[in-house]
Amino acid sequence: MYRGSPGMLAWVLHRITGVAVLLFLFGHIIETSMLGLGPDAYNRTIEIYRQAWFKPIEFLLVAAVLFHAGNGLIVMILDFWPNATRVYRRMFWIGAGVYILVLLPVAYLILGKVVGLR
Amino acid sequence: MREAAFRTGYQERPAGGLPLFLWFYIRVSALAMIGLVIGHLYIMHVINSTDTIDFQFVAQRFRTPFWRAYDLLILLFALSHGLIGLRGILDDYIHHRGWRAAAEAALWIVGIVFAALGALVLFTLQFSPGS
């Protein structure tokens, strides 16, 4: 469990984002299967995604996927290059920086319209 | 290796058998999905948006087998990767043998049902030329 080091925080977040994305995937598969019921049923279902209240969830979803992917890459680097543990902290902070930089345009694209930026 | 596990809590590479296979599979599917999912997010949220995607959009997209295959790959990789990951989490909390077997069976059933539901649409959906 989380005991204060960046690695433990990353590990907890990896689990939380993994489970969250899996739960969304179940919903996404059900929603996509509505295609089989025809245009009206499908369009009515994905109306959810157009609601303003869904946009923060959409942002969190993309943020969760990107965190899981980025942290997963760091885990694989540690797996296949054991010496990387010596630079783990540096990898963590560089990764965190890149992550924040990537999230800014994502936030603009998804949340920009809701808050009237675009 | 031990230090990495100490610092991050992730499972160390198993010695062999099914655990080792799953350990590799998680990583291979992860690498595959980094390309597939980033592409998916870019197409759906950057080039397009959830404000404009509708049945018509999907109908256009599914006209080529390429995108059906693309989506099938994501579906199978994401579902299996997620359920194997969840299996690892459940193993941390469920120690009773019988409950573990029950959880494993439940994961298989969920996996098969959702893979079938997703694949059904990808394989069978037909669009009339007018739609």
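Further up the page is the structure itself.
Small disclaimer: the values here were computed from a predicted structure and weren't measured.

A. Region of the structure containing the overall build of chain B. Summing up its helical and strand segments, chain B has five helices and zero strands in all. For chain B, the N- to C-terminal ordering of α and β elements is α-α-α-α-α. Expected size for 131 residues packed as a compact globule is a radius of gyration near 14 Å; at 19 Å, chain B overshoots this value by more than 25%. Overall, the C-alpha framework of chain B stretches about 60 × 35 × 25 Å when taken along its three principal axes. Within chain B, buried positions represent 40% of all 131 residues. Long-range pairs, those at least 24 residues apart, make up 66% of the contacts in chain B between residues at least 6 apart in sequence. Just so you have it, chain B exposes about 7700 Å², and 72% of that area is on carbon and sulfur atoms. Both charge centroids of chain B, one from 10 positive and one from 8 negative side chains, sit 7 Å from each other.

B. Looking closely at the overall build of chain A. Secondary structure assignment for chain A yields five helices and zero strands. Order of helices (α) and strands (β) in chain A, N terminus to C terminus: α-α-α-α-α. The C-alpha extent of chain A, read off along each of the three principal axes, is 55 × 35 × 25 Å. Across chain A, the fraction of contacts at a sequence separation of at least 24, relative to all contacts at a separation of at least 6, is 58%. Here chain A contributes 10 positive and 5 negative side-chain charges, whose respective centroids are spaced 16 Å apart.

C. Main features of a nonpolar patch on the surface. Residues and elements named next belong to chain A. Where nonpolar side chains cluster on the molecular surface, the patch consists of Y108, V114, V115 and L117 and spans about 410 Å² of accessible area. Checked against the element boundaries, L117 lands in the segment after helix 5 (88-111). Overall, the relative accessible area of 60% leaves L117 in the exposed class.

D. Up close: the interface of chain A and chain B. Across the boundary between the two partners, chain A contributes 46 residues, which contact 45 residues of chain B. Both sides of the chain A and chain B interface together cover about 3800 Å² of buried area, and 70% of this is carbon and sulfur. In terms of surface lost to chain B, no three residues of chain A exceed R15, I29 and L35 of chain A, which account for 15% of the buried area on that side. At the junction of chain A with chain B, the criterion picks out four salt bridges. Measuring nitrogen to oxygen at the nearest pair gives 2.9 Å for the salt bridge that ties D51 of chain B to K55 of chain A. Across the contact surface, chain A and chain B share 10 residue pairs in polar contact (both at pLDDT 80 or more). Elements with a contribution of two residues or more to the side of chain A that touches chain B: helix 1 (6-33), helix 2 (39-45), helix 3 (47-50), helix 4 (55-80) and helix 5 of chain A. Per-element accounting of the side of chain A that touches chain B gives the leading share, 15 residues, to helix 1 of chain A. Taken together, the residues that form the side of chain A that touches chain B break down as 28 nonpolar, 12 polar and six charged.

E. Structural detail: the pattern of salt bridges. Here the structure, examined in full by the defined rule, presents nine salt bridges over all chains. Between K113 of chain A and D51 of chain B there is a salt bridge, with the nearest N and O atoms lying 3.6 Å from each other. Here the residue K113 of chain A occupies a position in the segment after helix 5, and D51 of chain B occupies one in the loop between helix 2 (17-47) and helix 3 (55-61), the pair thus bridging two chains. By relative accessible area, which is 45% here, K113 of chain A ends up partly exposed. On the basis of relative accessible area, D51 of chain B is assigned to the partly exposed category, the value being 28%. The network of salt bridges with shared partners includes K55, E58 and K113 of chain A together with D51 of chain B.

F. The arrangement of the packing of helix 1 of chain A against helix 5 (residues 97-124) of chain B in detail. One can describe the packing of helix 1 of chain A onto helix 5 of chain B by two numbers: an axis separation of 9 Å at closest approach and a directional angle of 35 degrees. Considering how the two elements wind past one another, helix 1 of chain A and helix 5 of chain B form a crossing that is left-handed. Touching F26, I29, I30, T32 and S33 of chain A of helix 1 of chain A are V110, F114, L117, G118 and V121 of chain B, all from helix 5 of chain B. Looking at the contact of helix 1 of chain A with helix 5 of chain B residue by residue, the class counts come to seven nonpolar, three polar and no charged.

How each quantity is defined
- Along each chain, residue indices are assigned from 1 in the same order as the chain's sequence is written.
- Chain labels run from A onward and ligand labels from 1 onward, assigned in the order the entries are written.
- This being a predicted model, a pLDDT of at least 70 is required before a residue's local features are given, and a value of 80 or more before pairs of side-chain atoms are given or counted; all residues contribute to the totals for chains, interfaces and linings.
- To get the side-chain values, take all heavy atoms of the structure and skip hydrogens and water.
- Secondary structure follows DSSP: runs of H or I at least 4 residues long count as helices, runs of E at least 2 residues long count as strands, and numbering of each begins at the N terminus.
- Radius of gyration: C-alpha atoms only; globule rule: 2.2 Å multiplied by the number of residues to the exponent 0.38.
- Buried means the residue's accessible area, taken with a 1.4 Å probe over protein chains only, is under 20% of the maximum for its type, while exposed means over 50%, and partly exposed covers the values in between.
- Contacts are residue-level and defined by heavy atoms, with any inter-residue pair within 4.5 Å sufficient.
- Methods summary: accessible areas were calculated by the Shrake-Rupley approach with a probe of 1.4 Å, and residue burial reflects only the protein chains presented.
- Charge assignment: positive for Lys and Arg, negative for Asp and Glu; neither His nor the chain ends contribute.
- Here the site of a charge means atom NZ of a Lys, CZ of an Arg, CG of an Asp or CD of a Glu.
- Patch construction takes residues with relative accessible area above 30% that form no salt bridge. Like charges are linked within 9 Å, and nonpolar side chains (Val, Leu, Ile, Met, Phe, Trp, Tyr) are linked within 5 Å.
- Think of a salt bridge as a Lys or Arg side-chain nitrogen and an Asp or Glu carboxyl oxygen that are within 4 Å of each other.
- Accessible area that two parts lose when put together, evaluated with a 1.4 Å probe and summed over both, is termed the buried area.
- Any pair of N or O atoms that falls within 3.5 Å is considered a polar contact. Within protein, one atom must be able to donate a hydrogen and the other to accept it, and sequence-neighbouring residues count only if both atoms are side-chain atoms.
- Amino acids outside the nonpolar list (Ala, Val, Leu, Ile, Met, Phe, Trp, Tyr, Cys, Pro) and the charged list (Asp, Glu, Lys, Arg) are all regarded as polar, and Gly is one of them.
- Only C-alpha atoms enter the line fits that serve as axes; for helices the fit covers just the stretch in contact. Angles between N-to-C directions range over 0 to 180 degrees.
- Each crossing is labelled by how the near helix is turned from the far one, with a counterclockwise turn of less than a right angle marking it left-handed and a clockwise turn marking it right-handed.

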